[in-house]
Amino acid sequence: MTLLPTTEQALELAEIAADARDYVAASRAENTTRAYRTGWAQFARWCDEHGVTPLPASAETVAFYMADLAKTAKPATIDLRLAAISAAHRAAGHDSPTKEEAVRLVRRGVRRTLGTAQRRVRPVTVPELRHDVRGARHRPGRMSGSGAPPVGICWRASPERTGRPRRADLTEGPDGLTVHLRRSKTDQESAGRRVGIPYGSNLATCPVRAWRAWLEASEIAEGPAFRSVDRHGHIGTTRLSAQAVALVLKRHAVRIGIDPGEVAGHSLRAGLATSAAEAGVPERVIADQTGHRGTVMLRRYIREGSLFRENAASAVGL
């Protein structure tokens, strides 16, 4: 015999259920949740247009959707849509149709037909950064209106790091800056870690001096350490977004002759890895600084940075 809960118990259970939903939402990164939501909405719209049921969807429906999507989308986008469909079915208590053989076969065929090579952003290296800084005109005591803090300090960290730290998370010492990263893409459980940013050997690109100049001009004493700047030189109150860093970097790229379509906010992190590899820095040390957990992407940058430094052809006397 099952006893019905009292009103008080029912309210308590409702609060616990709400907490559980919040924890489920927090189990995924914000960007992942947003991507799943968008992907599911687009799949549901496609199903509505074609008169089929999105939830639960049949394997045939998902396979047809993939084939139609492949006309305009890349394999990486299709995989993201499949992940969104799978997550929505699991959340609703249904088996995921993406595991069915019909879906697997279509996915395999799409990947073989379209290829799986992903677009990689162009690293912004140290020489390019110096060239960019020499061409910039920053008047003391006033923001340039470029939309972000000096690109020199942003180069030392990825957009996710640049935007999130608060003023109290950065401390200056005799060796440079120490940044407390509370959370990042590779640290979704918020364990946090500390990253050291040493003084640069070049005054124009030294990140520590760039940080001092930013503090002096912005007069930020608390709250987000990095914030947007409008075209009138007014500093915002909310943290700088990854999109803002990318837009500023694209404008800087144009000035030094780089195609803005080849760069993104991630070009800063990639540039650090590539330039460090060119300087002979070991892989482990580069990974500690950039926060790369896996080695596949990091080794791509290292190979590019070591392309001529460790080259068999250069040693045979051609």
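Everything here concerns the structure above.
Residues numbered from 1 in each chain as written. Predicted model: local features only at pLDDT ≥ 70, side-chain atom pairs only at ≥ 80, totals over all residues. Heavy atoms only, no water.

## Here we look at empty space enclosed by the protein
Stage number 1. Taken as a whole and assessed by the stated rule, the structure comprises three cavities of 30 Å³ or more.
Stage number 2. There is about 80 Å³ of room inside the second largest cavity.
Stage number 3. Contributing to the lining of the second largest cavity are eleven residues, with Val124, Asp132, Leu249, His252 and Ile256 lying nearest its centre.
Stage number 4. Split into classes, the residues belonging to the lining of the second largest cavity amount to eight nonpolar, one polar and two charged. (1 Å grid on protein atoms, 1.4 Å probe; cavity = no way out; pocket = protein on both sides within 12 Å on 5 of 7 lines; lining within 4 Å. Points joined across faces, edges and corners; volume = space filled by probe spheres on them. Nonpolar A, V, L, I, M, F, W, Y, C, P; charged D, E, K, R; others polar.)

## What to know about the nonpolar core
Stage number 1. Ranked by internal contacts, the top residues of the largest apolar core, which has 25 residues, are Leu170, Leu177, Trp211, Trp214, Phe226 and Val263.
Stage number 2. Counting residues per element, the ones that place at least two in this core are strand E2 (176-181), strand E3 (193-198), helix H9 (207-218) and helix H10 (242-255).
Stage number 3. Membership of the second largest hydrophobic core comes to 16 residues, among which are Met66, Ala70, Val103 and Val110. (Core = buried A, V, L, I, M, F, W, Y, C linked by side-chain atoms within 4.5 Å. Buried < 20%, exposed > 50% of the residue type's maximum accessible area, 1.4 Å probe, protein only. Helix = DSSP H or I, 4+ residues; strand = E, 2+ residues; numbered from the N terminus.)

## Notes on the packing of helix H4 (residues 75-91) against helix H5 (residues 101-114)
Stage number 1. Direction vectors running N to C along H4 and H5 enclose 160°, while the axes themselves pass 10 Å from each other. If you check the angle between H4 and H5, you find them roughly antiparallel. In this structure, H4 meets H5 at a crossing whose hand is left-handed. For the pair formed by H4 and H5, the contact residues are Pro75, Ile78, Asp79 and Leu82 on the first element and Val103, Arg107, Val110, Arg111 and Leu114 on the second.
Stage number 2. Here the contact of H4 with H5 is composed, by residue class, of six nonpolar, no polar and three charged. (Axes fitted to C-alpha atoms, helices over the stretch in contact; angles between N-to-C directions. Parallel < 35°, antiparallel > 145°, perpendicular 65-115°, else oblique. Left-handed = near helix turned anticlockwise from the far one by under 90°. Contact = heavy atoms within 4.5 Å.)

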